[in-house]
Amino acid sequence: MATTPDEFTSLTVREDGRTTVQQAWLPDIHGGTMAPIATACLATLAGLFTILNTRAGDQRLAVAGFRPVSLLASRLTVVVLGALLATAASLAVTATVFDARQWGLYIAANVMIALTYGLIGVLLCPLFGRVGGVLVAFLLPFIDLGIEQSPMLHPDPPPWAHALPGYGSTRLLIDAAVTPGFDETGPLLIALAWLVGLTLAATARFRRVTTPVRTGGTPG
């Protein structure tokens, strides 16, 4: 906040069913638009390490007869709690330097971003491991939320950025930050679709990771 330039920036928003370009004083909104980047990075790490640190134990529990659905539910609960904790910490700091027009929707948008990237962290675990996963956990939110969705860099995200996981939630967040009414039903549905799709993908990946590896033995 201390180094934010004293200037206006342009934001593309919807209000009363119309898309308009709104001028916003950068020091007033900068903190609010940076908060989801921190939230997403921490939530991704929560998803990554929850699965990394329990994978071997979950495989043994699966061998012992525990149902994969029960194991998945317990792990996802930990991921959700980690995502919510990251969101609460980020919002507590953000509230000291930023005042959203719609706090309820702003908080909900941050929670959706956290849950989305928490699930992405679950998927990163078997693909990149511990070191690579940490690097990607910071890289993905920065590219998505910090660059392509950032209202500081683009009044409106480029078309290809609409396919990124943070698009829907970020449009909700900007709507909540600077407008008094809700006008982003489409982005809300996109954000919910990402959550559903990532949950299904995490379920499938978790079942594969926890399936015991069977090795053939030599007859005695």
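Just above, that's the structure.
Before going into details, it helps to say that this report is about the structure given with it. (Residues numbered from 1 in each chain as written. Predicted model: local features only at pLDDT ≥ 70, side-chain atom pairs only at ≥ 80, totals over all residues. Heavy atoms only, no water.)

## Section: the side chain of Glu-148
To keep it simple, the criterion reads: Secondary structure counts use DSSP, requiring at least four H or I residues in a row for a helix and at least two E residues in a row for a strand, with both numbered from the N terminus. Residue burial is assigned from relative accessible area. The probe radius is 1.4 Å, only protein chains are included, and a residue is buried under 20% of its type maximum, exposed over 50%, and partly exposed in between. Within this scheme the basic residues Lys and Arg register as positive and the acidic residues Asp and Glu register as negative, but His and the chain ends are omitted. The term salt bridge refers to a side-chain nitrogen of Lys or Arg lying within 4 Å of a carboxyl oxygen of Asp or Glu. Whether two residues touch is decided by their heavy atoms; if any such pair falls within 4.5 Å, the residues are in contact.
Mapped onto the elements, Glu-148 comes out in helix α3 (residues 103–148). Buried charged residue Glu-148 carries no salt bridge. Nearest counter-charge: Arg-171, at 12 Å. In contact with Glu-148, not counting residues within four places along its chain, are Ile-143, His-154, Pro-157, Pro-158, Trp-160, Ala-161 and Leu-164.

## Observations regarding the nonpolar core
What counts here: Nine residue types can take part in a nonpolar core, namely buried Ala, Val, Leu, Ile, Met, Phe, Trp, Tyr and Cys, and a core is a set of them joined through side-chain atoms within 4.5 Å.
Counting 45 residues, the largest nonpolar core has Tyr-106 and Val-178 as the members making the most contacts within it. Residue assignment for this core shows that the elements contributing at least two residues are β1 (8–15), α1 (26–63), α2 (68–94), α3, α4 (167–178) and α5 (185–210). Contacts of Val-178, omitting those with residues within four sequence positions, involve Leu-11, Val-13, Gln-22, Ile-29 and Arg-101.

## Digging into the packing of aromatic side chains
As a reminder of what qualifies: Within 6.5 Å between ring centres, the rings of Phe, Tyr and Trp (the latter by its six-membered ring) count as paired, and their orientation is classed by plane angle as stacked under 30 degrees, edge-to-face over 60, tilted in between.
Inspection of every chain in the model, using the stated rule, returns four aromatic pairs. Centre to centre, the rings of Phe-8 and Trp-25 are 4.8 Å apart; their planes meet at 65 degrees, and the pair counts as edge-to-face. Pair noted here: Phe-8 is in strand β1 and Trp-25 is in strand β2 (residues 18–25), with a separation of 17 residues, a long-range link. With relative accessibility at 53%, the residue Phe-8 sits in the exposed group. Judged by relative accessible area, which is 31%, Trp-25 ranks as partly exposed. One aromatic cluster is present, formed by Phe-98, Trp-103 and Tyr-106 through successive ring pairs.

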